[in-house]
Amino acid sequence: MNLMTPAAPATVDIAQTIANSPGYWSTVLSRLLRDKVTLFFGLVLLLIVLMAIFAPLIAPADPYKASMIRRLKDIGFPGHPLGTDHTGRDMLSRLIYGGRLSLFMGVLPVLNALVIGGLLGVIAGYLGGAVNMAIMRTMDIFYAFPSVLLAIAISGALGAGIGNAILSLSVVFIPPIARVAETITTQVRNLDYVEAARASGASSLRIIRIHVLSNVLGAIFVYATSLISVSIILASGLSFLGLGTKPPEPEWGLMLNELRQAIYVNPYVAALPGVMIFLTSLSFNLLSDGLRSAMDLKT
């Protein structure tokens, strides 16, 4: 008669421990919830986005209605909580509506670059060789120019307008995203499970879709989030220079341009668009840092 204790319960305990352990995204979410700074600025960013989406319901006045008898009123003026601009238009309403164009011109170029740059980087990293050389050397050409000067040059050549500004910013952000995607893909393609999938006869498209993208998407998404803050600043700069949004559309960069002379008369009102640009860019930047820290489980 065998009096030895069977090892099955220990095996069951190990299996239950593994099954009950939190998954990757659950761990990331719990780390984000413990990061007070990321939560705070994420909430600030959410409020700005909701403010822009529901601008017609929130704005207290028509952002296009001018009144020369009420021009450059101070913050706290009756009927205009944040004062008025140089033509008497309500600043609060224009700031709320301005978030629509500013966010649109800041986020859309990064999304375009995320799709195009990510695709080029994955192709270059997975195929390697001459394809990698052709794609990445082309991307290196754009690195020879500072992003600000490149955006101004492209917008100046194409002409002023929202569409041309978005196109120029998309071109600016494609190379860095492609570089990140190429670097990660190059590392992933030589891993054992990718080699095993290739040896089993899986097609390149299937390997990229299942094995490569799962490793690349998270990293380039977090990196792209950090680029949104830069994109908002560049888009506002193009509008400030007259290469982006055209008057009388409310956009934070254009509002800064229109109020640059009023800074000597009413500096607080004139600085409000700059405050919104700074706050939105800071929120995106710190949110990106929080996501990066939460997704890096080694720290």
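Now for a description of the structure that goes with this document. (Residues numbered from 1 in each chain as written. Predicted model: local features only at pLDDT ≥ 70, side-chain atom pairs only at ≥ 80, totals over all residues. Heavy atoms only, no water.)

## What about unusual backbone geometry?
Here the amide bond leading from Pro247 into Pro248 is cis, since omega sits at 5°, within 30 degrees of zero. As for its placement among the helices and strands, Pro248 is situated in the loop between helix H10 (204-240) and helix H11 (252-258). Non-glycine residue Leu72 carries a positive phi angle of around 55°. Considering the arrangement of structural elements, one finds Leu72 in the loop between helix H4 (55-58) and helix H5 (91-127). (Helix = DSSP H or I, 4+ residues; strand = E, 2+ residues; numbered from the N terminus.)

## Overview of the packing of H5 against helix H6 (residues 129-143)
Orientation of H5 relative to H6, taken along the N-to-C sense of each, is 145°, at an axis distance of 7 Å. The crossing of H5 and H6 is left-handed. Two secondary-structure elements touch here, H5 through Leu120, Ile123, Ala124, Gly125 and Leu127 and H6 through Gly129, Val131, Asn132, Ile135, Met136 and Met139. By residue class, the composition of the contact of H5 with H6 is eight nonpolar, three polar and no charged. (Axes fitted to C-alpha atoms, helices over the stretch in contact; angles between N-to-C directions. Left-handed = near helix turned anticlockwise from the far one by under 90°. Contact = heavy atoms within 4.5 Å. Nonpolar A, V, L, I, M, F, W, Y, C, P; charged D, E, K, R; others polar.)

## Digging into helix H7 (residues 147-158)
An α-helical segment advances 3.6 residues per turn. Residues three or four places apart therefore align on the same side. When the terminal C-alpha atoms of H7 are compared, their 16 Å separation across twelve residues agrees well with the 16 Å that a helix rising 1.5 Å per residue should span. Phi for Gly159, located one or two positions after H7, is positive at around 105°. (Expected span 1.5 Å × (residues − 1).)

## Comments concerning H6
Here H6 contains 15 residues, and its C-alpha end-to-end distance of 21 Å stays within 8% of the 21 Å for a straight helix at 1.5 Å per residue. Within H6, burial applies to Asn132, Ile135, Met136 and Met139. Viewed end-on, H6 has its buried residues packed into an arc of 85°, placing them on one side of the element. The outward face of H6, more than 90 degrees from its buried face, is lined by the exposed residues Ala130 and Ile141. (Buried < 20%, exposed > 50% of the residue type's maximum accessible area, 1.4 Å probe, protein only. Arc of directions from axis to C-beta.)

## Brief notes about the nonpolar core
Counting residues in hydrophobic clusters, the biggest one holds 56 residues, and the most contacted among them are Met91, Leu95, Leu169, Phe173 and Trp252. In terms of residue count, the dominant contributor to this core is helix H12 (residues 267-295) (ten residues). Once you skip the residues sitting within four places of it in the chain, Phe173 turns out to touch Pro109, Val110, Ala113, Leu227, Val230, Ser231 and Leu234. (Core = buried A, V, L, I, M, F, W, Y, C linked by side-chain atoms within 4.5 Å.)

## Examining the packing of helix H3 (residues 36-53) against H12
Geometrically, a packed helix pair is captured by the angle between its two axes and the distance between the axes. For the pair H3 and H12, interaxial distance at closest approach is 8 Å and the crossing angle is 135°. Accordingly, the angle class assigned to the pair H3 and H12 is oblique. Seen along the crossing, H3 lies across H12 with a hand that is left-handed. Contacts between H3 and H12 involve Val37, Thr38, Phe41, Gly42, Val44, Leu45, Ile48 and Met51 from the former and Met276, Leu279, Thr280, Leu282, Ser283, Phe284, Leu286, Leu287 and Gly290 from the latter. When its residues are assigned to classes, the contact of H3 with H12 shows twelve nonpolar, five polar and no charged. (Parallel < 35°, antiparallel > 145°, perpendicular 65-115°, else oblique.)

## Describing the side chain of Ser155
Structurally, Ser155 can be placed in helix H7. In this view, Ser155 contacts Ala160, Asn164, Ala165, Ser168, Leu238 and Leu243; residues no more than four positions away in its chain are not counted.

## A short note on the packing of aromatic side chains
Tallying each qualifying case throughout the model produces one aromatic pair. Ring centres of Phe40 and Phe41 lie 5.1 Å apart, and the angle between their planes is 85°; on these two criteria the pair is classed as edge-to-face. A relative accessible area of 15% means that Phe41 is categorised as buried. (Phe/Tyr/Trp six-rings, centres within 6.5 Å; stacked < 30°, edge-to-face > 60°.)

## So, the pattern of salt bridges
Taken as a whole, this structure holds eight salt bridges when the rule is applied. Between Arg89 and Asp85 there is a salt bridge, with its nearest N and O atoms 2.9 Å apart. Arg89 sits in the buried class, given a relative accessible area of 6%. Asp85 sits in the buried class, given a relative accessible area of 2%. (Salt bridge = Lys/Arg side-chain N within 4 Å of Asp/Glu carboxyl O.)

## Overview of the environment of Leu213
By the element assignment, Leu213 lies in helix H10. Taking relative accessible area as the criterion, Leu213 reaches 26% and is therefore assigned partly exposed. Residues Leu213 and Leu259, spaced 46 residues apart in sequence, show a C-alpha to C-alpha distance of 46 Å. Beyond its immediate sequence surroundings of up to four residues, Leu213 is in contact with Val122 and Ile208.

## Focus: the side chain of Ser281
Within the element layout of this structure, Ser281 appears in helix H12. Assessed through its relative accessible area of 7%, Ser281 is described here as buried. One polar contact links the side chain of Ser281 to the main-chain carbonyl oxygen of Ser229, over a distance of 3.4 Å. With sequence-adjacent residues up to four places away left out, Ser281 is seen in contact with Ser229, Ile232 and Ile233. (Polar contact = N/O pair within 3.5 Å; in protein donor to acceptor, adjacent residues only side chain to side chain.)

## Side note on a nonpolar patch on the surface
Taken together, the side chains of Leu43, Leu46, Leu47, Leu50, Ile53, Phe54, Leu57 and Ile58 define a hydrophobic patch exposed on the protein surface, amounting to about 780 Å² of accessible area. Secondary structure elements with two or more residues in the nonpolar patch: H3 and H4. Looking at which element gives the most residues to the nonpolar patch, the answer is H3, with five residues. Mapped onto the secondary structure, Leu50 falls in helix H3. (Patch = residues over 30% accessible without salt bridge, like charges linked within 9 Å, V, L, I, M, F, W, Y side chains within 5 Å. Areas by Shrake-Rupley, 256 points an atom, 1.4 Å probe, with all protein chains shown as cover.)

Purely geometric numbers; function is a separate question.
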